[in-house]
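One-letter residues, chain by chain:
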Amino acid sequence: GGLTFATMETPPPTATAVLPGIPSQSNERCGARRRRGRNRPALQATAALLLIGAAILMLQTQSQSRRNDPAGAPSSLRNNLSWLSSDPPALRTLRVETIEPGRKLHSDYIRSRIEYNPHPTTSGRQCESHYHPPSDSWVDQVGVAVPSGSKFERNNNFHTVVEYNGLNVLVVGDSVGENMALFLANSHGGDDPTNIDGTSSTDLDEAALADAGFQPVSPTATDDRPKQVDALGMAGMDVASRVHFASESNLEGKSQDKIWINEVPADRGGGYVAFGRILTLWHGAEIDRAHLQDPSQNPADFVKWDPTQYDALAHQYGDVDVLIYRTPWPWMMKSGKLGKIAEADYYKVLEVARRMVNPRTVIFATSAVNNNALKLDGFASLRKDNEALRRFVANYRIPYYANRGVQNVLLMDFERLTDALVLANAETMSIPPEMAFRHRVSCEGLSKGHAFTGTRYCPHLTAMACAGTRKPNHPEVIQTCVEDKRGRISPDGMHWCSATTQPRTAGGIVCLTKCAITADMSFEPDDSDHRDERAAYLRECQDRCNALWMNLDSFFVGEGGGRGHLELPTTAAAAAAAAAADSTADADRTGSHLTSSQPS
């Protein structure tokens, strides 16, 4: 309940206006916080009729200085967004504002590597949880190894490490989008004792648990008992310094971040990783207009978004270099939009993103399977909407001028990675591949505690939420997880566990970012003669990143010194040889040092 309806008023443009006098490119190097005055022209009218065969568009713009102080006079940007809902649908028009492009990306801005992980585990908060009947609760376990011989052991045996980051990265989406932001932030490393996860919902007798075979997460870190982090990603890059930039009351009346930001220390690049909660398609129609007009009479609507928050974020911390957009698919259950998302919707998202935070690069992530999609139609609508997103990215035309649109638009096929995780987990439980996306946990007849999250995430996929290794006792549906163990790849059939999902998610983001860096270093922003060449390179690089990271087929190959890279198997013999090499590897085999802008 309480969900807003997403609407689509206009299709994508088929042409863009050509304007002389391109603003000069900023050469500002990355630093910690950047407060600067920027010119972002306001949209003034004459319109655009964009139909097939008609490509005449005239726009008059005027420059307007934006204040550095986010508490100062409000930007006109929120008013300029009104075209998204007020333009007559019959015009079939999309107005594009002229905006000074974001800074040109460079390989000096980011360094990363992957490191061999000889002992992959599934432990963490809410992941690898075992049911404890006496207390009617689930207990998080420590040091639980992934199933021997599984793809989790052979093909997910590494960590992604971001050594240096001078880029400003913003992830926008729902709680699964926040998963992705936290996976990236965690990959920067860092220990925060305030975020050790050792608490439980009940006071349990640890001695009694140990006698019963439980090894719960400890609230204190010792040399012989490793410190645990939140399986949903609540630790990593200097969590103590996280700025809770904007908060609102959620649907349960509890304060929850709408925007948070983690700044990278200056000696490690000075960029940031931030998250913005968007529970709609990020269109103009879903702006929290009533609250903006009279906050005293209209409490903030947690589902709708506030453009002033993003405007203030950009003022205070600088424009976003890389924006990652995750469609808030589960929140659109009652919108009538599911299964009907069109390419045109994503053109609107792109233009709103450009006006709010001006990213030079936007990475769109496909949606993963989830309990809502299972209940709706067994993932049919979700798969269809993901195809629309793939088409949008494939058909996107880079604007002739950098001040008319985003230069680098890429796809991260998160659906394919998470599908691979589900299939690998199904294999560990002897669930046939054809049943991996059908076999489910009903939670029917369970106590509230035994249902783990109550019943709000039920039913959900057995192969997604469970962590046992025995075959289910029914071919289609079971009451609770096999062996009463859950959380190998997901704790609840909606979110994803960091131990098994983070390495490839973070690696995929870094890989795609380096595609954009190479494009920026190889092509001038207004080099229209090579626009098609730039687009072809981005598609080729994007496809290589997805082939390497968004699956469980590629495998770690050591280079010595504890580092390595991922490779795709070319033949069964090569794959067998790689597996044999992994089985005899020692601690000297670890991740790759990604100092170039090429994906690894």
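Small disclaimer: the values here were computed from a predicted structure and weren't measured. (Residues numbered from 1 in each chain as written. Predicted model: local features only at pLDDT ≥ 70, side-chain atom pairs only at ≥ 80, totals over all residues. Heavy atoms only, no water.)

### Structural notes on the state of the cysteines
Then step 1. If you walk through the whole model with that rule in mind, you get five disulfides.
Then step 2. Two residues share a disulfide in this structure: Cys127 and Cys497, whose sulfurs sit 1.9 Å from each other. One quick way to see it: the torsion about the S-S bond of Cys127 and Cys497 is about -90 degrees, and its sign makes the bridge left-handed. With Cys127 in the loop between strand S3 (110–116) and strand S4 (129–132) and Cys497 in the loop between strand S17 (485–486) and helix H13 (498–522), this residue pair connects regions lying 370 residues apart in the sequence. The pair Cys127 / Cys497 is uniform in exposure class, with both members buried.
Then step 3. Cys515 shares a disulfide with Cys541; S-S distance 2.0 Å. Disulfide Cys515-Cys541: torsion about the S-S bond near -80 degrees, hence left-handed. Taken as a pair, Cys515 in helix H13 and Cys541 in helix H14 (residues 531–549) lie far apart in primary sequence, 26 residues in all.
Then step 4. Judged by relative accessible area, Cys515 falls into the buried class, the value being 0%.
Then step 5. What links to what in the protein chain: the bonded cysteines, counted in sequence order, pair as 1-6, 2-3, 4-5, 7-10, 8-9. (Disulfide = S-S within 2.5 Å. Helix = DSSP H or I, 4+ residues; strand = E, 2+ residues; numbered from the N terminus. Buried < 20%, exposed > 50% of the residue type's maximum accessible area, 1.4 Å probe, protein only.)

### Some remarks on the sheet that holds S4
Adjacent strands of a sheet pair through backbone hydrogen bonds, lying either parallel or antiparallel.
Then step 1. Within the open sheet, the three strands sit side by side as S5-S4-S17. Their pairing is antiparallel. Each of the sheet's edge strands pairs with one partner strand only, and the pair in question is strand S5 (137–140) and S17.
Then step 2. Across two bridges, the pairing between S4 and S17 is antiparallel. Paired with Ser129 across the bridge in S17 is Arg486. (Pairing = 2+ DSSP bridges.)

### Considering H14
Then step 1. Spanning 19 residues, H14 covers 27 Å between terminal C-alpha atoms, matching the ideal 27 Å at 1.5 Å per step.
Then step 2. Among all positions of H14, only Arg531, Arg534, Ala535, Tyr537, Leu538, Arg539, Cys541, Gln542, Cys545, Asn546, Leu548 and Trp549 are buried. (Expected span 1.5 Å × (residues − 1).)

### Considering the packing of helix H11 (residues 414–428) against H13
How two helices pack is summed up by the angle between their axes together with the distance between the axes.
Then step 1. Remark: H11 packs on H13, axes separated minimally by 11 Å, with the N-to-C direction vectors making an angle of 150 degrees. With respect to their mutual orientation, H11 and H13 come out roughly antiparallel. Every pair of crossing elements has a handedness; the one defined by H11 and H13 is right-handed. On H13, the residues touching Phe414, Leu417 and Leu421 of H11 are Thr500, Thr501, Arg504 and Thr505.
Then step 2. Grouping the amino acids of the contact of H11 with H13 by side-chain chemistry returns three nonpolar, three polar and one charged. (Axes fitted to C-alpha atoms, helices over the stretch in contact; angles between N-to-C directions. Parallel < 35°, antiparallel > 145°, perpendicular 65-115°, else oblique. Left-handed = near helix turned anticlockwise from the far one by under 90°. Contact = heavy atoms within 4.5 Å. Nonpolar A, V, L, I, M, F, W, Y, C, P; charged D, E, K, R; others polar.)

### Some words on helix H10 (residues 380–395)
Then step 1. Here H10 contains 16 residues, and its C-alpha end-to-end distance of 23 Å stays within 8% of the 22 Å for a straight helix at 1.5 Å per residue.
Then step 2. If you check which residues of H10 are buried, you get Ser381, Leu382, Asp385, Asn386, Ala388, Leu389, Arg390, Phe392 and Val393.
Then step 3. Of the surrounding elements, those touching the buried residues of H10 are helix H8 (343–357), strand S12 (361–365), helix H9 (371–377), strand S13 (408–412), H11 and H14.

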